[in-house]
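# What the coordinates show
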Number of protein chains: 2
Amino acid sequence: MTTPTTDTAQQFVEAWGAMGALWGINRSVARVHALLMATEAPLSLDGIAEKLQISKGNASMSLRELRTFGVVRQVEVPGDRRDFYVTEPDVWTMFFRILRERKRREFDPALDAIHQLLEQPGAKGEILGRLKQMSELLTTVEGVVNRFLKDPASSKAALAFVAGLPFNPKPKKR
Amino acid sequence: MTTPTTDTAQQFVEAWGAMGALWGINRSVARVHALLMATEAPLSLDGIAEKLQISKGNASMSLRELRTFGVVRQVEVPGDRRDFYVTEPDVWTMFFRILRERKRREFDPALDAIHQLLEQPGAKGEILGRLKQMSELLTTVEGVVNRFLKDPASSKAALAFVAGLPFNPKPKKR
DNA sequence: TGATGCGTTCAGAATAGTCTGAACGTACAA
DNA sequence: TTGTACGTTCAGACTATTCTGAACGCATCA
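Here we summarise the structure given alongside this text. (Residues numbered from 1 in each chain as written. Chains lettered and ligands numbered in written order. Predicted model: local features only at pLDDT ≥ 70, side-chain atom pairs only at ≥ 80, totals over all residues. Heavy atoms only, no water.)

## Digging into the protein's contact with DNA strand D
Among the 18 residues in the neighbourhood of DNA strand D, the closest are listed as Asn26(A), Ser28(A), Ser60(B), Arg64(B) and Arg81(B). Restricting attention to atoms of DNA strand D within 4 Å of the protein, one finds that 67% of them are sugar or phosphate atoms. At 2.9 Å from a phosphate oxygen of DNA strand D is found a main-chain nitrogen or oxygen belonging to Ser55(A). Asn58(A) places a side-chain nitrogen or oxygen 3.1 Å from a phosphate oxygen of DNA strand D. If you list the elements that add at least two residues to the surface near DNA strand D, you get helix H4 (56–69) of chain A together with helix H4 (56–69) and strand E3 (80–87) of chain B. For the surface near DNA strand D, the leading source of residues is H4(B), giving six residues. Residues belonging to the surface near DNA strand D are distributed by class as follows: four nonpolar, eight polar and six charged. (Near = heavy atom within 4 Å. Polar contact = N/O pair within 3.5 Å; in protein donor to acceptor, adjacent residues only side chain to side chain. Helix = DSSP H or I, 4+ residues; strand = E, 2+ residues; numbered from the N terminus. Nonpolar A, V, L, I, M, F, W, Y, C, P; charged D, E, K, R; others polar.)

## Quick word on the interface of chain A and chain B
With 60 residues of chain A at the interface, the matching set in chain B holds 61 residues. A combined buried area of about 5500 Å² lies between chain A and chain B, and 70% of that area is made up of carbon and sulfur atoms. Three residues, Arg130(A), Leu137(A) and Arg147(A), lead the burial of chain A against chain B; their summed loss comes to 12% of the area buried on that side. Scanning the region where chain A abuts chain B turns up two salt bridges. Residue Glu136(A) pairs with Lys156(B) through a salt bridge whose shortest N-O separation is 3.8 Å. Along the contact surface separating chain A from chain B lie eight residue pairs in polar contact (both at pLDDT 80 or more). Secondary-structure elements contributing two or more residues to the side of chain A that touches chain B are helix H1 (7–23), helix H2 (27–37), helix H5 (91–119), helix H6 (125–150) and helix H7 (152–164) of chain A. Sort the elements by how many residues they give to the side of chain A that touches chain B and H6(A) lands first, with 15 residues. A breakdown of the residues in the side of chain A that touches chain B according to their chemical character gives 37 nonpolar, eleven polar and twelve charged. (Contact = heavy atoms within 4.5 Å. Buried area = accessible area lost by both parts, 1.4 Å probe. Salt bridge = Lys/Arg side-chain N within 4 Å of Asp/Glu carboxyl O.)

## Quick notes on the relation of the copies chain A and chain B
Each of the two copies of the chain can be brought onto the other by a rotation about an axis and a shift along it. Structural alignment of chain A on chain B gives an RMSD of 0.1 Å, achieved by rotating through 180° and translating 0.0 Å along the axis. Those values place the two copies in the arrangement expected of a two-fold rotation axis. Rotation axis and chain A: the residue whose C-alpha lies nearest the axis is Gly24(A), separated from it by 4.4 Å. Both copies contact each other with a shared surface, as 100% of the interface residues of chain A are interface residues in chain B too. (Least-squares fit on C-alpha atoms with pLDDT ≥ 70 in both.)

Written out as structure tokens, the structure reads:
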């Protein structure tokens, strides 16, 4: 059997599904993704729908979403005219692809809104200062994310480096 | 008038409210937060409810949430027995406080779930490998976030540094 | 040509998330 | 003690999101 039906695989599917919220991904989409991650062989749309107990329609839409993220792709299976799907096997690549898509969908519009507000005159002192700070913060975060997206490989190394370094407290305040 | 009713302030409240999703914060909570950010003077609960056109109950719950994030605190106004609220004025500090709370609420349980799965025997080859990768990724991200939370000041500088550096492409693959 | 197998779409059902407002608790003053 | 002025809670109303499944379009084949 190429599709594991083990407890571990099932638990994994559910855990990943629940975790979807953390990544801003809906439960069905995350479960489809998890199933593909837990399965080496390509799966057909109706195979996925059946295993996860969801409708074909839902499975179809979830797969479309995953393809726009770029973490799932279609493959051909000779002698079968159904579409089959496999997932990007590298978890880090997935991570960066999801990051890119979420940035595009949510972050960029937010940054635009703040910038637009800053451009129009009439902001008073207090709010103007906070708007500027906010803009600075978002722009910084954007810069970091852009850097990551441009070079995932070295970013992964950099992340590991920062994560692994022991904490070195500053001498003293004031 | 210490509470601005300017267009900019209102737009800011709505923009921040819509942006809440990006930070994993609900709209009302984000709007209350934005109103406090846009207002220098402390605001009372019913003042907030009235300005945002939300119920006292909602305002009360939103303020509680903001206090658990640590981005809003109560202040006394002499001669008034109502509770008044002000927001943490520094946007970066806010950012790190929200990061900490979201990590605690969403990230830590997810990491636990993966670790628990890894501990129990019975995972097959393919899925075991992906689980390990996932665990590695989440642990790395956790390390980075922890580092940030331990020393926000230097983290801010580090972020700005990474964001500002021009991209330096690797020589060549292979 | 019609029949079959497949994937997609989308109106409406089901579910999950948010908000309201009445009821309640507390503190204080008379 | 009673009355008043708050803040909080939570059942139920309301709203947004997600999911289903019937209808459809497109290939393929007889």
